[in-house]
Amino acid sequence: MELKTYADYAASGETPEVLFWVGCAGSFDQRAQKVTRSFVKILQHLNIKFAVLGTEESCTGDPAKRAGNEFVFQMLALQNIEVMNNYGVKRIVTTCPHCFNILKNEYPSLGGNYEVVHHSSFLQNLIDEGRIKITDTQSFKGKKITYHDSCYLGRANEIYEAPRRVIEELDADLVEMKSCKSKGLCCGAGGAQMFKEDEPGKKRINIARTEEALETDAQIVAAACPFCSTMLTDGVKSFDRQQTVKVFDIAELLAAGQGLETINF
Amino acid sequence: MLHLFQIYLFVAFAGMAFYFAFRGYRRVYQNILLGRSEDFSGNTAERLRTMLLVAFGQKKMFKNPIPAVLHLFLYVGFVITQIELLEIFLDGITGKHRIIYHAVEHIPALHFLYVFVINSIEILSVLVFIGTVAFLYRRFVSRVERLNKPELKGFPIQDAATILISEILLLTCIFSMNAGDSAMHIKEYGEGYGFAISTFLAQFITHFDYTTLHLIERMGWWGHLSLVFLLLVYLPYSKHLHILLAFPNTFFARLYPKGYINNMPEITKEIKLMMDPSAVPPPADANAAPVKFGAKDVFDLSWKNLLDAYTCTECGRCTAACPANQTGKLLSPRKIMMDTRDRLETVGAAIAANNGIWKEDGKSLIENGYVSIEELRACTTCNACVEECPVMISPLDIIVQLRRNLIMEESNAPTEWTGMFTNMENNGAPWQFSPQDRLNWTKE
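Parameters at a glance
- Residues numbered from 1 in each chain as written.
- Chains lettered and ligands numbered in written order.
- Predicted model: local features only at pLDDT ≥ 70, side-chain atom pairs only at ≥ 80, totals over all residues.
- Heavy atoms only, no water.
- Helix = DSSP H or I, 4+ residues; strand = E, 2+ residues; numbered from the N terminus.
- Rg over C-alpha atoms; globule rule 2.2 N^0.38 Å.
- Buried < 20%, exposed > 50% of the residue type's maximum accessible area, 1.4 Å probe, protein only.
- Contact = heavy atoms within 4.5 Å.
- Lys, Arg positive; Asp, Glu negative; His and termini not counted.
- Charge placed at Lys NZ, Arg CZ, Asp CG, Glu CD.
- Domains from an automatic or database assignment.
- Buried area = accessible area lost by both parts, 1.4 Å probe.
- Salt bridge = Lys/Arg side-chain N within 4 Å of Asp/Glu carboxyl O.
- Polar contact = N/O pair within 3.5 Å; in protein donor to acceptor, adjacent residues only side chain to side chain.
- Nonpolar A, V, L, I, M, F, W, Y, C, P; charged D, E, K, R; others polar.
- Axes fitted to C-alpha atoms, helices over the stretch in contact; angles between N-to-C directions.
- Parallel < 35°, antiparallel > 145°, perpendicular 65-115°, else oblique.
- Disulfide = S-S within 2.5 Å.
- Pairing = 2+ DSSP bridges.
- Right-handed = clockwise from strand over helix to strand, strands pointing away.
- Phe/Tyr/Trp six-rings, centres within 6.5 Å; stacked < 30°, edge-to-face > 60°.
- Lys NZ or Arg CZ within 6 Å of the ring centre and 35° of its normal.

Asks: Is there a simple way to think about the overall build of chain B in this case?
Replies: Along the backbone of chain B there are 18 helices and zero strands. On C-alpha atoms alone, chain B measures out to a radius of gyration of 28 Å, which is more than a quarter above the 22 Å that the 2.2 N^0.38 rule sets for 444 residues. For chain B, the spread of C-alpha atoms along the principal axes amounts to about 95 × 55 × 40 Å. Of all 444 residues assigned to chain B, the portion counted as buried reaches 51%. A fraction of 74% describes how many contacts in chain B between residues 6 or more apart in sequence connect residues 24 or more apart. Averaging the coordinates of the 40 positive side-chain charges in chain B and doing the same for the 42 negative ones gives two points 3 Å apart.

As structure tokens, this is what we get:
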């Protein structure tokens, strides 16, 4: 997969339209890497001039901050801000709601002022502008998709409609879980929980959320966050339903709808 | 003679109630000021709007329609009954009977308004009665889950029952007063005042003699008044204080997106020094208090966190929505608020008993029977509790500050987190991957 980094752009004296902030999950996690590639395929298909920071990108510091380690967070944040300000970054798109939230809300007072959009809003804009053409009208027909709200997209930043708008673009049936939108149940990963075991209790949080997802009888559980995707995928596996229920990111679904990606479900 | 005695009794009673109430509210105010300062200036128009919508307009209550409607009965009933209380007060001071009624009796428009207002109060009082009985039913019979969690054992349940039962007694008194009065009026003039409910009730007691009716009326009057005074004094010791604090609490609610957690400026300074080798650190101020990261006790929290704690009415919508609590973990956002308030009360009482000076008691808000480390660890920072709170309390804000103390002051982290921090510092990612591999996803 060919793509340019900000350094490449700078070397050629060009400026990209937007920085694609890949995030740690999108860079390293095998499942999330697929989402990254799907999103890039959409960007490239539409000839959007984007750049990544590549090896110059670091974790935004979100898990450290939410765990209570402000030192590690600010160290990473100030490094990232230095890199981005040197390149004159104006606009950022990211496929991770945690990166989105922290870049949008917490970087400004540290000197990092950018227009930050989550890929769900970014894709919604492209749809609204008529730039997305759905070519595969058959695969999704009659299929049920349920959307899991990411806390850091939903409650944290009140983005509920954009990801749903992306799903509605496919000819599928969008069904809601028992708790959705502002009442959406967390997948269990936020606040650095992703990186440690749950505290003792009756069950894991991702199991509780997966139960709600399975109750909808949807064939596809759509997410817009790499951590939610992991949590829900693990949840579906624990019910041994991975053959009939698949977890996809909205970028993968939209890429498939455009014929840029083949997904199996 | 009896007449004058009643005036003296009223004034003495009122004086005592106001004295003790003043002390109670002053205690709450002083305790809130034990928190560290936080600037909330500006945005007055938006703040007023939030307060009008959320506190006055009960906007967030309506996410949950059944309790919202029941609560609305109590809320509107409470507010409008204050008009009748005004007349009770004026009657008490002057020794007159229905002073406002007699002043407007012969002015048709005002007379109509008076009868209309009292009718509204009476009809709302019936609705309040229905609401209160429904609340008692939900709490003690159908046992709604969020109203029966472990943190409510003991005083909190007793507190809730006290308020609800007082509510019913208040209503009984107001109807006893108005029905007795209406029955006397019927006996004298052949008709009541025109108050729908009490005229209806009066017909069952008109066969009593005048003295008995007068007694029924007086018992209602004095009973209502005594309960109002008792509740006024009790309120600053009760979760019910939300009826007052909901207003300032929504006014001072944080206006930024829920996902935002404040950046600590004292840490920014240190890291900027670290990153810039040529920077000269400012001379250390020998008199400055040692910097402490995060919150260990109530003094380290913002006064707004403490106002939040006093505003909490323990409804438990936060806890019911909490993913950790739903899956059986110890964490309960409501308990965070209750623990904060309990600790603050203990600290405040100790300071008051020690001539205004705080003497360390070897305890803090973390552990010691207050917020446990296990509870703090279980939070996913999902904001469900913040979203749910009808009076815009943030348990999450307190959780994050306590977590900061654990991590940065006590170095108390689960081992997985310690590893995660190290990875983030050394590799720029929470996992142990080399930063050089950041573009490996393109190789497919």
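Asks: What should I look at first to understand the domain arrangement of chain A in this one?
Replies: Note on interface size: it is often stated as the accessible area lost on association of the parts. All names here are of chain A. The domains assigned to chain A are domain 1 (6-125) and domain 2 (134-257). The distance between the C-alpha centroids of domain 1 and domain 2 comes to 23 Å. Counting residues at the interface gives 26 residues for domain 1 and 27 residues for domain 2. Contact between domain 1 and domain 2 buries roughly 2100 Å² in total, counting both sides, with carbon and sulfur atoms accounting for 70%. By the criterion of area lost to domain 2, the three top residues of domain 1 are R31, P97 and H98, representing 24% of everything that side buries. Scanning the region where domain 1 abuts domain 2 turns up one salt bridge.

Asks: Where do I start with the domain arrangement of chain B in this structure?
Replies: Residue and element names in this part refer to chain B. For chain B, the assigned domains are domain 1 (2-32 + 64-251) and domain 2 (292-431). Computed from C-alpha coordinates alone, the two centres of domain 1 and domain 2 are separated by 38 Å. Listed per partner, the contact involves 21 residues of domain 1 and 27 residues of domain 2. Across the interface of domain 1 and domain 2, roughly 2100 Å² is buried in total on both sides, 55% from carbon and sulfur atoms. Close ionic contact of R334 with E151 constitutes a salt bridge, the shortest N to O distance being 3.0 Å. The interface formed by domain 1 and domain 2 includes twelve residue pairs in polar contact (both at pLDDT 80 or more). Contributing elements (two or more residues each) for the side of domain 1 that touches domain 2: helix 1 (2-32) and helix 9 (242-251). Sorting elements by how many residues they give to the side of domain 1 that touches domain 2 places helix 9 first, with six residues. Split into classes, the residues belonging to the side of domain 1 that touches domain 2 amount to ten nonpolar, six polar and five charged.

Asks: What exactly am I supposed to notice about the environment of Y160(A) here?
Replies: By the secondary structure assignment, Y160(A) is in the loop between strand 5 (144-147) and helix 8 (161-169). Between the alpha carbons of Y160(A) and H148(A) there is a distance of 10.0 Å; along the sequence they are twelve residues apart. Contacts of Y160(A), omitting those with residues within four sequence positions, involve D149(A), G154(A), R155(A), K181(A), S182(A) and E387(B).

Asks: Which parts of the structure should I look at to understand the packing of helix 9 (residues 205-215) of chain A against helix 10 (residues 226-238) of chain A?
Replies: Describing two packed helices takes the angle between their axes plus the distance from one axis to the other. All names here are of chain A. In the contact formed by helix 9 and helix 10, the axes pass within 8 Å of each other and the chain directions differ by 75°. When the axis of helix 9 is compared with that of helix 10, the two are roughly perpendicular. Residue-level contacts link N206, I207, R209 and T210 of helix 9 to M231, L232, D234, G235, V236 and S238 of helix 10.

Asks: Even after reading the chapter, I still don't get the state of the cysteines, so can you show me in this structure?
Replies: Put plainly, two cysteines are in a disulfide when a covalent bond ties their sulfur atoms together. All names here are of chain A. Considering all chains together, one arrives at zero disulfides over all chains under this definition. Its sulfur unpaired, C59 is 4.1 Å from the next cysteine sulfur, which belongs to C24. A relative accessible area of 4% places C59 in the buried class.

Asks: Is there a simple way to think about the pairing of strand 5 of chain A in this case?
Replies: In summary, the side chains of a regular strand alternate between the two faces of the sheet. Residues and elements named next belong to chain A. Pairing analysis gives three bridges linking strand 5 to strand 6 (residues 173-175), with the strands arranged parallel. For I145, the partnering residue across the bridge sits in strand 6 and is L174. On the question of chirality, the crossover connecting strand 5 to the parallel strand 6 by way of helix 8 is right-handed. In terms of strand pairing, strand 5 meets strand 7 (residues 220-223) through three bridges, oriented parallel. Bridge assignment links Y147 to a residue of strand 7, and that residue is A222.

Asks: Just to check I follow, could you spell out the packing of aromatic side chains for this structure?
Replies: One pair of aromatic rings is described through two measures. These are the centre distance and the angle between the planes. Scanning all chains against the criterion turns up 34 aromatic pairs over all chains. Ring centres of F71(A) and F293(B) lie 5.3 Å apart, and the angle between their planes is 85°; this geometry places the pair in the edge-to-face category. Linking F71(A) in helix 5 (residues 70-87) with F293(B) in the loop between helix 10 (265-275) and helix 11 (303-311), this pair reaches from one chain into another. F71(A) sits in the partly exposed class, given a relative accessible area of 23%. Measuring from centroid to centroid gives 5.9 Å for F89(B) and F229(B), while their planes differ by 90°, and the two rings are edge-to-face. With F89(B) in helix 3 (residues 65-94) and F229(B) in helix 8 (residues 210-234), the pair connects residues that are 140 residues apart, well separated along the chain. With respect to burial, F89(B) and F229(B) carry one shared label: buried. Among the aromatic residues, those joined into a ring-pair cluster are F10(B), F13(B), F18(B), F89(B), W221(B), W222(B) and F229(B). A cation over a ring is seen here: K4(A) above Y9(A), with NZ or CZ 4.5 Å from the ring centre. The cationic tip of R98(B) hangs over the ring face of Y193(B); the distance from NZ or CZ to the ring centre is 5.1 Å.

Asks: Would you explain the interface of chain A and chain B in this entry?
Replies: Counting from both sides, the interface comprises 73 residues of chain A and, opposite them, 59 residues of chain B. If you sort the residues of chain A by the area they bury against chain B, F28(A), F71(A) and F195(A) come out on top, with a joint share of 13%. At the junction of chain A with chain B, the criterion picks out five salt bridges. The salt bridge involving E158(A) is made with K258(B); its shortest N-O contact spans 3.7 Å. Taken together, the links from chain A to chain B amount to 36 residue pairs in polar contact (both at pLDDT 80 or more). Listing elements by their share of the side of chain A that touches chain B, those giving two or more residues are helix 2 (23-28), helix 3 (30-45), helix 4 (62-67), helix 5, helix 6 (97-106) and helix 9 of chain A. Per-class residue counts for the side of chain A that touches chain B are 31 nonpolar, 24 polar and 18 charged.

Asks: What am I meant to see in the sheet that holds strand 6 of chain A here?
Replies: Residues and elements named next belong to chain A. If you walk across this open sheet you meet the four strands as 6-5-7-8, and the pairing is parallel. With partners counted over all chains shown, the strands left at the sheet margins are strand 6 and strand 8 (246-249), one partner each. The sheet shows a mean angle of 35° between the axes of neighbouring strands, taken without regard to direction. With four bridges joining them, strand 7 and strand 8 adopt parallel strand pairing. The residue of strand 8 that forms the bridge with A222 is F248.

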